[in-house]
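Chain by chain, the residues run as shown.
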Amino acid sequence: MEGDQLNRSTDDQHRNDIDTATAAETKSDAVVGVEAERKWLRKLTSATVNKAVMRDLIARTPMLCYLCQRSGTILRSRPGRSGRVEAIHAVRAVAIGPFHRGDPGLAFPDDAKLPFMRYLQDQCALDVDRYVAALSAERDSLRDEFADDDDAEADTALLLDDQERFLQMLLLDSCFVLVVSMMLSKAGVGEDADSAARAASINREYFILHMAVAQHAEQIKLDMLVLENQVPFAAVKLLVASCGRLKLRHCVEQVVLGCFDDVCPKRARQPCHAAGAEFHHVLHLFHWSRVPETKYAILSTPLKLLKIKKQSERLFPCSMELRHSAVWFRQASDASSSCQSHLDMSFWSRTASPVAVMSIPCFPVHEYSAVVLYNMLAFEMHFHWAHGACVTTHVARMEGLVRCTSDASFLRRRGVLASSRFTDAELVCFFRELGAHTVGARLPDEFGEMLDAVACHRSRRISWWCGGFVLHFFPSPWVAVSLFAAAAIFVVPSLLQTVYTMLGYIKSATS
């Protein structure tokens, strides 16, 4: 009996095992079938496939070519650099970052930056160990700010890849940028810094440090605006956080911008608005402060500009040609805005009016203007997709307006150009060389819209007739003044004499 029960239970167990295996096999077949049906879905949601598609999309889209070339924001702008441009991108006082580390004849080599670090240790309680630890924690993100340069020297590549040398570079360069900014900034610093300045003036070493910075102040500020001569701004902000007794009256961005208050172009935004924003380096911060906030962004190349095949069709008519079509130039006043950009212009035209007005802020051209504008152009060339093309647009417009010495002389008289160092011929050459770097550059909608507005105005005959009449009969303001003076001298007395004669006749007739 017990044997029969044992056999029966064994058979039941076998049957249950067979049923379980069959069900599992059936379920497995169903799962395999479902998985086979959803294989296409896994392919669509695959990160690997998506990455490959994105790479192919970048390769087939000319406007995205920059994504294939460089990822860093501190780089050497190599394409088309002539000897003159190389001289403009050279540094003469201080090397910041890896690319000019070995340049000879610098006023502040690495050894000369040590007193700046000591300044922060003594006067601002800089905790060097804490700061280096913070840099080490952010090393990867800070390293990504420097673009890999295939043409760079071997020592530059080793410096970026060697952690110890890389951190040492960030430490020295950040200390230099912060201390120089506090010394030269017009934004001012807090009460503790005032007392530190008094203490430094008594100490011989700090007095020498201040005098050395003051002697090379102008060149230091220009070196800090060279695209390939930068240190990540995040490292400077970490340095401020590591100084226990450093109390800034303003944010560090405003302190740094205070160094460039006397550098043209004029700022277009209030420095206090920079607090909380993310900046890659000092040139990025300077560019942000000089361009209008909501204009000249590039989301895509306007279709009207894509249709232009010749570079000559992108040029504005020169100022003398615009005068013949009754376009009056006026200097944009600063009354409408406390921070009006030097890099913005407007064009007013109405169908009912034969006259148009081009309003341009006064653009001062100094000896250092080429250095500043070339580096701002290089910055926009690589990062126009994120930071717009205001400088590129303004240079492209000015290249068209100033094509000969007559144009430069006329715009000087109208207050649009101001330069005591450059002759008219040199101004023409200045804008022509700058304009050569805008060839093929991405331009925003504002450029195409103004180009269309100018072309539409010049296509009207009444505008040409009005402009020709004014230039022929009133070639200068003195002609108009002479005409009105003649009217006042001859016509008005004649009219008065006629009126008195008639009044006398009427009086005698009534009597």
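Our structure is the block above this text.
So, how was this worked out
Residues numbered from 1 in each chain as written. Predicted model: local features only at pLDDT ≥ 70, side-chain atom pairs only at ≥ 80, totals over all residues. Heavy atoms only, no water. Helix = DSSP H or I, 4+ residues; strand = E, 2+ residues; numbered from the N terminus. Expected span 1.5 Å × (residues − 1). Buried < 20%, exposed > 50% of the residue type's maximum accessible area, 1.4 Å probe, protein only. Pairing = 2+ DSSP bridges. Axes fitted to C-alpha atoms, helices over the stretch in contact; angles between N-to-C directions. Lys, Arg positive; Asp, Glu negative; His and termini not counted. Salt bridge = Lys/Arg side-chain N within 4 Å of Asp/Glu carboxyl O. Contact = heavy atoms within 4.5 Å. Core = buried A, V, L, I, M, F, W, Y, C linked by side-chain atoms within 4.5 Å. Parallel < 35°, antiparallel > 145°, perpendicular 65-115°, else oblique. Nonpolar A, V, L, I, M, F, W, Y, C, P; charged D, E, K, R; others polar. Phe/Tyr/Trp six-rings, centres within 6.5 Å; stacked < 30°, edge-to-face > 60°.

Caption draft 1: Spotlight on helix α20 (residues 390-401). Its 12 residues give α20 an end-to-end C-alpha distance of 17 Å, which sits within 8% of 16 Å, the value for a rise of 1.5 Å per residue. With 12 of 12 residues buried, α20 is to be regarded as a mostly interior element. Among the residues of α20, those classed as buried are C390, V391, T392, T393, H394, V395, A396, R397, M398, E399, G400 and L401.

Caption draft 2: Structural view of the sheet that holds strand β3 (residues 356-360). Taken together, the three strands give an open sheet; going across it, the order is β1-β3-β2, and neighbouring strands pair in mixed fashion. Each of the sheet's edge strands pairs with one partner strand only, and the pair in question is β1 (327-331) and β2 (346-348). Sheet twist, expressed as the mean angle between neighbouring strand axes with direction ignored, is 20 degrees. Where β1 and β3 come together, five bridges link them in parallel fashion.

Caption draft 3: Local environment of the side chain of E380. Tracing the backbone shows E380 in helix α19 (residues 369-387). R269 provides the closest opposite charge to the buried, unpaired E380, separated from it by 9.5 Å. Ignoring sequence-local partners within four residues, the contact set of E380 consists of H287, G388, A389, C390, V391 and T392.

Caption draft 4: Representation of the nonpolar core. Judged by nonpolar contacts, the single largest core of 113 residues is most densely connected at L120, L126, F260, F329, M358, L401 and V402. Element by element, the count of residues in this core is highest for helix α10 (residues 163-184), at 12 residues.

Caption draft 5: Spatial organisation of the environment of L377. With respect to the helices and strands, the residue L377 is situated in helix α19. Between the C-alpha atom of L377 and that of T393, which follows or precedes it by 16 residues, the distance is 9.8 Å. Setting aside chain neighbours within four positions, we find L377 in contact with V391, T392, V395, L434, H437 and T438.

Caption draft 6: Quick look at the packing of helix α21 (residues 405-413) against helix α22 (residues 424-435). Following both chains from N to C, one finds α21 and α22 inclined at 105 degrees, their axes separated by 8 Å at the closest point. For the element pair α21 / α22, the angle class is roughly perpendicular. Contact residues: T405, A408, S409 and R412 in α21; D424, A425, L427 and V428 in α22. Taken together, the residues of the contact of α21 with α22 sort by class into four nonpolar, two polar and two charged.

Caption draft 7: Region of the structure containing the packing of aromatic side chains. Within this structure, the stated rule accounts for 12 aromatic pairs. Look at F260 and F286: their rings are 5.5 Å apart centre to centre, the planes differ by 70 degrees, and that puts the pair in the edge-to-face class. Of the two residues, F260 is situated in the loop between α15 (252-257) and α16 (282-290) and F286 in helix α16; the sequence distance between them amounts to 26 residues. F260 sits in the buried class, given a relative accessible area of 1%.

Functional significance is not addressed by these values, which are geometric in nature.
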